[in-house]
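Descriptive structure summary
This is what each chain is made of:
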Amino acid sequence: MSLAHVRIADIAQHDGQTVTLAGWLYNLRKSGKICFPILRDGSGIIQCVAVKANLPEETFEALKNLTQESSVKITGKVRAEQRATGGFELDVESCEILQRVPEETPYPITPKDHGIDFLMDHRHLWLRSRRQFAIGKVRHEVIKATRDYFDENGFTLVDCPIFTPAACEGTTTLFEVDYFEDEKVYLTQSGQLYNEANAMAFGKVYCFGPTFRAEKSKTRRHLTEFWMVEPEMAYATLEDVKELAEGLVCFIVQRVLANRRTELAILERDVSKLEAITGPFPRISYDEAVKILQRKGSEIEWGSDFGGTDETLLAEEFDRPVLVEKYPAQVKAFYFQPDSERPELALGVDMLAPEGYGEIIGGGQRIHDYDLLLKRIEEHHLPKEAFDWYLDLRRFGSVPHAGFGMGIERCVAWMCGLEHIRETIAYPRMLYRTRP
RNA sequence: UCCUCGGUAGCUCAAUGGUAGAGCAUUCGGCUGUUAACCGAAGGGUUGUAGGUUCGAAUCCUACCCGGGGAGCCA
């Protein structure tokens, strides 16, 4: 693709040349007979220099009176400049204003402080700011790395439906869709059941898409709509899942460190924390986790699941993600394969990110025996008819299989070192926020 | 859903029962190296909504609405 204009990100290749940049006015500083329009173009930010003596009167006046976020094409000469943050400046020769933001309705997001409510109301504009831009780039890198990792390791992308007739876990956390005749349909909360079918067809598969949870969760690590990548492998066990999860996370961290240093710097991320993320990750059992938590003062009892505080307490024991495995079957979903030595345990594993970012991965080995799966469906009072096709997978060449799900937003929040998950997605959907 | 804090100028905040104010933004003026530029001036208010207490309410009380933080919930 070639464009008539140069991207700011590529400006170093054009030192000394006259180029045209197409972007938006990020900020403007002026001082009588010289002014400094700061231009943003979606690839980077550069300071332009307009000197009154070197320009036609109307060009200088137009630039000097430009308003924030007006769209403008600026032509000028690229010059290496020690004083500039990006290392280059543009000496303005001419400009073309596409749309000038009127003074009466100025751009609402000024370079000064704003509260979160105001910023969220203006999310469609907030995305233009430097920090949100950096987060968006890291998110893109995380997703690209995730896809590359699976693609390069023999996985096939087979996406799963978003409208689903049956619940994985009961219906209380599902969004009901009132449209289809004859049956109730819900927005998916996981592609896993379909993934299992796909794995029997393709061997190793993954799906990647939005998932929906109707949980009344109001915390810094929950979204109502979030994106999840879910691999599933035939002829695989809990051990394979742990290995795959560790490999994926290391790969993502390396990619982000390799390609997004600039963005991490904008976010003031302590990169040494990410540089420490190398395999092997510590692996502990649920039993050991409970002992650690009790020693640290948690009131957790064996048999219950970890709360957010427990996850943080546990994670702070380690400087890299920790894998916690073999949970009591009672806290896990119906489809987990039981441990052969201790059937009260489920062959599930969670990966807890360091620095309090919580569970980023959850998965495990699935039940492959028909009779056991049917028993579990009945024990959980799930409608057997809805799982007929799922049970088919245990009738026709059933094999041990395993997989996991990774929440993209939690992973991005961790990479970026964010306080709140709401900044990791362009338009977050939360309990009390659905606009813009 | 519960606990907790908050809602005052476009934005971020101050005013602790007695004349509603500052910084930024906007407008006008000044400045040839600014880095959230700076200096001077101007305009800008039904203090979330409704009711109550009081001589007098942004301030105290009640209800509701909206939001922040936390909890619970949560492959």
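Residues numbered from 1 in each chain as written. Chains lettered and ligands numbered in written order. Predicted model: local features only at pLDDT ≥ 70, side-chain atom pairs only at ≥ 80, totals over all residues. Heavy atoms only, no water.

**Observations regarding the domain arrangement of chain A**
- Taken domain by domain, chain A holds domain 1 (8-99) and domain 2 (124-424).
- Taking the mean C-alpha position of each, domain 1 and domain 2 sit 46 Å from one another.
- Opposite the 8 residues of domain 1 that make contact, domain 2 presents 5 residues.
- Here domain 1 and domain 2 share an interface that buries about 480 Å² over both sides, 49% of which is from carbon and sulfur atoms. (Domains from an automatic or database assignment. Contact = heavy atoms within 4.5 Å. Buried area = accessible area lost by both parts, 1.4 Å probe.)

**Description of the sheet that holds strand E9 (residues 185-187)**
- A sheet is described by the order of its strands in space; here 3 strands give the open sequence E7-E9-E8, paired in antiparallel fashion. At either end of the open sheet lies a strand with only one pairing partner, and these are strand E7 (163-164) and strand E8 (176-177). (Pairing = 2+ DSSP bridges. Helix = DSSP H or I, 4+ residues; strand = E, 2+ residues; numbered from the N terminus.)

**With respect to the packing of helix H4 (residues 130-152) against helix H6 (residues 238-259)**
- As a packed pair, H4 and H6 sit with axes 9 Å apart at the nearest point and diverge in direction by 135°. By the angle between their axes, H4 is oblique relative to H6. As H4 runs across H6, the sense of the crossing is right-handed. Between H4 and H6, the contacting residues are Val138, Glu141, Val142, Lys144, Ala145, Thr146, Asp148, Tyr149, Phe150 and Glu152 on the first element and Leu244, Gly247, Leu248, Phe251, Ile252, Arg255, Val256 and Asn259 on the second.
- Among the residues forming the contact of H4 with H6, the class breakdown is 10 nonpolar, 3 polar and 5 charged. (Axes fitted to C-alpha atoms, helices over the stretch in contact; angles between N-to-C directions. Parallel < 35°, antiparallel > 145°, perpendicular 65-115°, else oblique. Left-handed = near helix turned anticlockwise from the far one by under 90°. Nonpolar A, V, L, I, M, F, W, Y, C, P; charged D, E, K, R; others polar.)

**Examining the state of the cysteines**
- Following the criterion strictly, the structure yields 0 disulfides and no others.
- Not engaged in a disulfide, the cysteine Cys48 finds its nearest cysteine sulfur in Cys35; these two sulfurs lie 9.4 Å apart.
- For Cys48, a relative accessible area of 0% corresponds to the buried category.
- In this model Cys207 remains outside any disulfide bridge; the closest cysteine sulfur is found in Cys160, 3.9 Å from its own.
- When its relative accessible area of 5% is taken as the criterion, Cys207 is described as buried. (Disulfide = S-S within 2.5 Å. Buried < 20%, exposed > 50% of the residue type's maximum accessible area, 1.4 Å probe, protein only.)

**A few points about the pattern of salt bridges**
- Enumeration over the complete set of coordinates arrives at 38 salt bridges.
- Among the salt bridges present, the one from Glu81 reaches Arg83, with a minimum N-O distance of 2.9 Å.
- For Arg83, a relative accessible area of 75% gives the class exposed.
- Lys242 is the partner of Glu325 in a salt bridge, and the nearest nitrogen-oxygen pair spans 2.7 Å. Of this pair, Glu325 sits in strand E13 (residues 322-328) while Lys242 sits in helix H6, and the two are 83 residues apart along the sequence. Taken individually, Glu325 and Lys242 each receive the classification buried, so the pair is uniform in this respect.
- Salt bridges sharing partners connect three or more residues here, namely Arg79, Glu81, Arg83, Glu89 and Asp91. (Salt bridge = Lys/Arg side-chain N within 4 Å of Asp/Glu carboxyl O.)

**Brief notes about the nonpolar core**
- Counting residues in hydrophobic clusters, the biggest one holds 49 residues, and the most contacted among them are Val142, Phe150, Phe404, Met406 and Trp414.
- Those elements that place two or more of their residues in this core are H4, strand E10 (204-212), strand E11 (225-234), H6, strand E14 (345-353), strand E15 (358-366), strand E16 (401-407) and helix H13 (408-416).
- Sort the elements by how many residues they give to this core and H6 lands first, with 11 residues.
- For Met406, the contacting residues outside a window of four places in its chain are Thr146, Trp227, Met228, Val229, Leu248, Ile252, Ile360, Ile361 and Cys411.
- Among the nonpolar cores identified, the runner-up in size contains 22 residues, and Ile8, Leu39, Leu63 and Val78 belong to it. (Core = buried A, V, L, I, M, F, W, Y, C linked by side-chain atoms within 4.5 Å.)

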